[in-house]
Protein chains: 2
Amino acid sequence: MIRAVLLDLAGVVYDGDTPIPGAVAAVERLRAAGLPLRFVSNTTRSPRHRIIAQLAALGVELADEELLTPARAAVEWLRGHDRRPHLLVHPKLEAEFSGLEGSNGCAVVVGDAGEAFNYASLNRAFRELVAGADFLALATNRTFKDADGELSLDAGAFVAALEFASGRSPVVLGKPSPDFFHAALAELNCRAADAVMVGDDAESDVAGALSAGLGAALLVRTGKYRPNDETRFDPAPTAVIDDLAVATDWILSRAAA
Amino acid sequence: MIRAVLLDLAGVVYDGDTPIPGAVAAVERLRAAGLPLRFVSNTTRSPRHRIIAQLAALGVELADEELLTPARAAVEWLRGHDRRPHLLVHPKLEAEFSGLEGSNGCAVVVGDAGEAFNYASLNRAFRELVAGADFLALATNRTFKDADGELSLDAGAFVAALEFASGRSPVVLGKPSPDFFHAALAELNCRAADAVMVGDDAESDVAGALSAGLGAALLVRTGKYRPNDETRFDPAPTAVIDDLAVATDWILSRAAA
């Protein structure tokens, strides 16, 4: 029986600035059924207030605590470890890290910096790692569906570049880190086995959630989904489903009363 | 008995614009002993005529055929496979690929593009790979010793980024590709077991040469060498030696008469 739902955003609820057909009504049906929700997004090109405003414009109202982002997890990590950040993130995300003046060294924080990725910025981050800084990856996604509908390079490619050159492995803060899924479920007071994840990324959303112990993970054929994605990563999805509307039928038929 | 010598250039013969002490005289001693030489360089920020001119300015004269570069191997590959190149290389290297208008599709060619690495250029190369282009890596070196004396990101980091995002593995044309070492030795009509490689990169020069079957590979403590590099890669160097001058003593004491 399903007692809580984790939803990816980009490619599941919206695509660029457009809601995915049926997705807004699907969220309303999940809420009406009394299922606790968390939105778990690896999008690191937008600050959280912008994501919440974007959802509101689409007709999905959510409270601040319902949105979990890797940036929020990173800020908690930096506070907990008393580190100052060396940021390699999108300029729009930088404000979320303001005021962190840790006195116990530096941590390189890599997100999807977009056009801010260049040789100089990557080399500065590399040199910080060689000098002993901690290494935080907001996400390790390989690709995302870009505004033109094609796949583009996501943060994971640049994390891989720094990992290869420095020989250092990152602490991953977003999906598919088990800690990220577990933090969302702890807030809902729900056991992993009683929760379902819905996403368009067969690796980060689906294999990640199942590896973290979630009872089910549904791969939707929207967003960045490409044919045969369900065969490319282990574990395979619990089910491959057209979109969030149909996934909601699947969930509600298995939900705790 | 050693019958041929392969020498790396940057970090072994020169460092930036400066010869490494004793290196020019060492090359002269190897030549005087009648040992056939090939210079095998993964440097892909300079065209070959510039490398040859740089060596001449330091007092090392070499014939064009004595210098093997990944760019030359890539041009041969593109001609042999009738592919046109999609270049992600240093602007100074682009002229070496002029006139290649293969009619049998496209191959992405990645070298150390330096400042030409940015989000847009990497994403264009990624999209060519997703569309089915071949994938050629001029080199997979992790780092090089930069003009300021510190390590900087080399081509391998960006090859790793594209490999991670695309799920494609490159054909490697420079060191540590066994084909690259074998091509050099074929020109010298020398069996791999009778040759020695000298380099400052424990992975690409040394482990690469030994994996390709060379009889010996010497790691010098110049250039990008950092303490304990000899323990980081497998196979380990035949010997770790201060510089090319001392490596030359080692070689001459084992050379075929």
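Residues numbered from 1 in each chain as written. Chains lettered and ligands numbered in written order. Predicted model: local features only at pLDDT ≥ 70, side-chain atom pairs only at ≥ 80, totals over all residues.

Visitor: Explain the relation of the copies chain B and chain A here, please?
Guide: The second copy of the chain is related to the first by a rotation about an axis and a shift along the axis. With an axial shift of 0.0 Å and an RMSD of 0.0 Å, the rotation relating chain B to chain A amounts to 180°. Expressed as a symmetry operation, the mapping of one chain copy onto the other fits a two-fold axis. Taking C-alpha positions as reference, the residue of chain B nearest the rotation axis is B:Asn118, located at 2.1 Å. Of the residues that chain B buries at the interface, 100% are likewise interface residues in chain A, meaning the two copies contact each other through the same surface. (Least-squares fit on C-alpha atoms with pLDDT ≥ 70 in both. Contact = placed C-beta atoms within 7 Å.)

Visitor: Would you mind showing me how to read the interface of chain B and chain A here?
Guide: Accessible area lost on assembly of the parts is the figure often given for the size of an interface. Counting residues at the interface gives 23 residues for chain B and 23 residues for chain A. For the side of chain B that touches chain A, the secondary structure elements donating two or more residues are α4 (119–130), β10 (151–153) and α5 (155–166) of chain B. Ranked by residues supplied to the side of chain B that touches chain A, first place goes to α5(B) with seven residues. In terms of residue class, the side of chain B that touches chain A is built from 13 nonpolar, six polar and four charged. (Helix = DSSP H or I, 4+ residues; strand = E, 2+ residues; numbered from the N terminus. Nonpolar A, V, L, I, M, F, W, Y, C, P; charged D, E, K, R; others polar.)

Visitor: I keep staring at the sheet that holds strand β5 (residues 67–68) of chain B and nothing clicks. Help me out?
Guide: The pairing of strands in a sheet happens through backbone hydrogen bonds and is either parallel or antiparallel. Residue and element names in this part refer to chain B. With parallel pairing, the six strands of this open sheet are ordered in space as β5-β4-β1-β12-β13-β14. One side of each edge strand has no neighbouring strand; the edge strands of this open sheet are β5 and β14 (239–241). Relative to strand β4 (residues 37–40), strand β1 (residues 4–7) runs parallel, the two sharing three bridges. The residue bridging Val5 from the neighbouring strand is Leu37, located in β4. (Pairing = 2+ DSSP bridges.)

Visitor: Is there a simple way to think about helix α4 (residues 119–130) of chain A in this case?
Guide: Spacing of three or four residues puts side chains on the same side of an α-helix, whose turn is 3.6 residues. Residue and element names in this part refer to chain A. Along its twelve residues, α4 runs 16 Å from first to last C-alpha, staying within 8% of the 16 Å computed at 1.5 Å per residue. For α4, the set of buried residues is Leu122, Asn123, Ala125, Phe126 and Leu129. Along the axis of α4, the buried residues cluster in a sector spanning 160°; they form a single face. Opposite its buried face, α4 presents the exposed residues Ala120 and Arg124, each directed more than 90 degrees away. (Expected span 1.5 Å × (residues − 1). Buried ≥ 20, exposed ≤ 12 C-beta atoms within 10 Å, placed from the backbone. Arc of directions from axis to C-beta.)

Visitor: It is not clear to me how helix α7 (residues 202–211) of chain A should be interpreted in this structure. Could you clarify?
Guide: Residues and elements named next belong to chain A. With eight of ten residues buried, α7 is to be regarded as a mostly interior element. For α7, the complete set of buried residues consists of Ala202, Ser204, Asp205, Val206, Ala207, Gly208, Ala209 and Leu210. Those residues of α7 that are buried are in contact with α6 (178–188), β12 (195–199) and β13 (216–220). Immediately downstream of α7, the backbone of Gly213 shows phi near 100°, a positive value.

Visitor: Even after reading the chapter, I still don't get the packing of α4(A) against helix α5 (residues 155–166) of chain A, so can you show me in this structure?
Guide: The geometry of a pair of packed helices is captured by two quantities: the angle between their axes and the separation between those axes. Residues and elements named next belong to chain A. For the pair α4 and α5, interaxial distance at closest approach is 10 Å and the crossing angle is 45°. Between α4 and α5, the crossing angle belongs to the class labelled oblique. With respect to the hand of their crossing, α4 and α5 are arranged in right-handed fashion. On α5, the residues that touch Leu122, Ala125, Phe126, Leu129 and Val130 of α4 are Phe158, Ala161, Leu162, Ala165 and Ser166. Looking at the contact of α4 with α5 residue by residue, the classes come out as nine nonpolar, one polar and no charged. (Axes fitted to C-alpha atoms, helices over the stretch in contact; angles between N-to-C directions. Parallel < 35°, antiparallel > 145°, perpendicular 65-115°, else oblique. Left-handed = near helix turned anticlockwise from the far one by under 90°.)

Visitor: Got a minute to help me understand the domain arrangement of chain A in this structure?
Guide: All names here are of chain A. Here the domain parsing of chain A yields domain 1 (4–69 + 175–252) and domain 2 (71–172). Facing the 20 residues of domain 1 at the interface are 22 residues of domain 2. When its residues are assigned to classes, the side of domain 1 that touches domain 2 shows five nonpolar, nine polar and six charged. (Domains from an automatic or database assignment.)

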